[in-house]
Amino acid sequence: MAIREIIIIPDKQLRLVSKPVETVNAEIRKLADDMLETMYDAPGIGLAAIQIAQPLRLITMDIAKRDKDGEEEIKPRPRVFINPEIVSASEELSVYEEGCLSIPEYYEEVERPARVRVRFLDLDGKVHEEDAEGLYATCIQHEIDHLNGVLFVDYLSKLKRDRVMKKFTKAAKLAAK
Ligand code: GNR
Ligand code: NI
């Protein structure tokens with residue numbers, strides 16, 4: 001396994017539409033492994049392949065640690081979603097404060113469907129369908145958005161989005177000098 005560099009805004013690659021994984025082979029399993037290691041190291045609860053500059057429809061996630069504000073230790077639950085699709089979404093919406101490893105240290109509330117049904121392939125190429133709610137529903141929608149070049153700031157007011165994009169554009173220019 002290896003930790004890969006996470007790209008941040010305004011990197012234009014984050015706006016690419018990622019390509020479906022054609023075959024779940026050793027190369028894809030290695031990429032998924034590296035994504036999990038990169039995600040845990042960051043740390044984050046989800047990661048889309050494009051965040052490490054790989055435009056493939058591949059997501060990793062582990063929301064287990066998020067429930068860990070109590071005493072008991074929660075075991076890690078690494079998950080991999082290949083070619084994930086939302087097959088249905090609830091009319092009911094819910095609000096979560098979201099963050100993104102590609103927009104470091106910026107958090108805002110986003111409203112999304114409270115529940116979604118998601119279809120995906122696992123690392124054996126087997127099809128699954130699952131109902132997601134709560135943080136799982138929010139996170140899988142956030143990650144699938146990445147596969148389509150969409151960022152959570154796209155749901156905010158133009159004022160807020162412009163402000164955060166500008167801040168990171170300035171920082172990138174200073175770093176390049
Ligand atoms: O680590 C992450 N936390 C998070 C919190 C609320 C909603 C979505 C997320 S995903 C984010 C990691 C990330 O950027 N995934 O693309
Ligand atoms: Ni993100």
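Right, let's walk through the structure included here.

Procedures and definitions
- Residues numbered from 1 in each chain as written.
- Chains lettered and ligands numbered in written order.
- Predicted model: local features only at pLDDT ≥ 70, side-chain atom pairs only at ≥ 80, totals over all residues.
- Heavy atoms only, no water.
- Helix = DSSP H or I, 4+ residues; strand = E, 2+ residues; numbered from the N terminus.
- Polar contact = N/O pair within 3.5 Å; in protein donor to acceptor, adjacent residues only side chain to side chain.
- Donors = N, O, S within 2.8 Å, 3.2 Å for Na, K, Ca; no water.
- Buried < 20%, exposed > 50% of the residue type's maximum accessible area, 1.4 Å probe, protein only.
- Salt bridge = Lys/Arg side-chain N within 4 Å of Asp/Glu carboxyl O.
- Core = buried A, V, L, I, M, F, W, Y, C linked by side-chain atoms within 4.5 Å.
- Contact = heavy atoms within 4.5 Å.
- Phe/Tyr/Trp six-rings, centres within 6.5 Å; stacked < 30°, edge-to-face > 60°.

### Describing the side chain of Ser 90
Phase 1: One can find Ser 90 in the loop between strand 3 (79–89) and strand 4 (93–100).
Phase 2: A polar contact of 2.8 Å, which involves the side chain of Ser 90, links it to the backbone oxygen of Glu 92.

### Structural notes on the coordination of the nickel ion (ligand 2)
Phase 1: Around the nickel ion (ligand 2), the protein contributes the donor atoms Cys 100 (SG), His 142 (NE2) and His 146 (NE2), at 2.1 to 2.4 Å from the metal centre.
Phase 2: Owing to a relative accessible area of 8%, Cys 100 belongs among the buried residues under this scheme.

### With respect to the pattern of salt bridges
Phase 1: Under the counting rule described, the total for this entry stands at 12 salt bridges.
Phase 2: Glu 130 is the partner of Arg 79 in a salt bridge, and the nearest nitrogen-oxygen pair spans 2.9 Å. Of this pair, Arg 79 sits in strand 3 while Glu 130 is found in strand 7 (residues 127–133), placing the two residues 51 residues apart along the sequence.
Phase 3: Since its relative accessible area comes to 15%, Arg 79 is described here as buried.
Phase 4: Given the relative accessible area of 22%, Glu 130 is considered partly exposed.
Phase 5: Across the pair Arg 119 and Glu 129 runs a salt bridge whose closest N-O atoms are separated by 3.0 Å. With Arg 119 in strand 6 (residues 115–121) and Glu 129 in strand 7, this residue pair connects regions lying 10 residues apart in the sequence.

### Thoughts on the nonpolar core
Phase 1: Ranked by size, the top nonpolar core spans 17 residues in total, and within it Ile 59, Met 61, Phe 81, Val 118, Ala 132, Tyr 136 and Ile 140 carry the most contacts.
Phase 2: Only strand 2 (58–61), strand 6 and helix 2 (134–147) provide two or more residues apiece to this core.
Phase 3: If one sorts the elements of this core by residue count, helix 2 sits on top with 7 residues.
Phase 4: Ignoring any residue separated from it by four or fewer positions in sequence, one finds Met 61 in contact with Met 39, Ile 45, Gly 46, Arg 77, Pro 78, Arg 79, Phe 81, Tyr 136, Cys 139, Ile 140 and Glu 143.

### A look at the packing of aromatic side chains
Phase 1: One pass over the structure, following the stated rule, counts 3 aromatic pairs.
Phase 2: Put simply, the rings of Phe 81, Phe 120 and Tyr 136 touch in pairs and so form one group of aromatic residues.

### Some points on the environment of Pro 113
Phase 1: Considering the arrangement of structural elements, one finds Pro 113 in strand 5 (residues 103–113).
Phase 2: With 25 residues separating them in the primary sequence, Pro 113 and Ser 88 have C-alpha atoms 9.7 Å apart.
Phase 3: Leave out the neighbours within four places in its chain, and Pro 113 touches Ala 89, Ser 90, Glu 92, Leu 93, Ser 94 and Gln 141.

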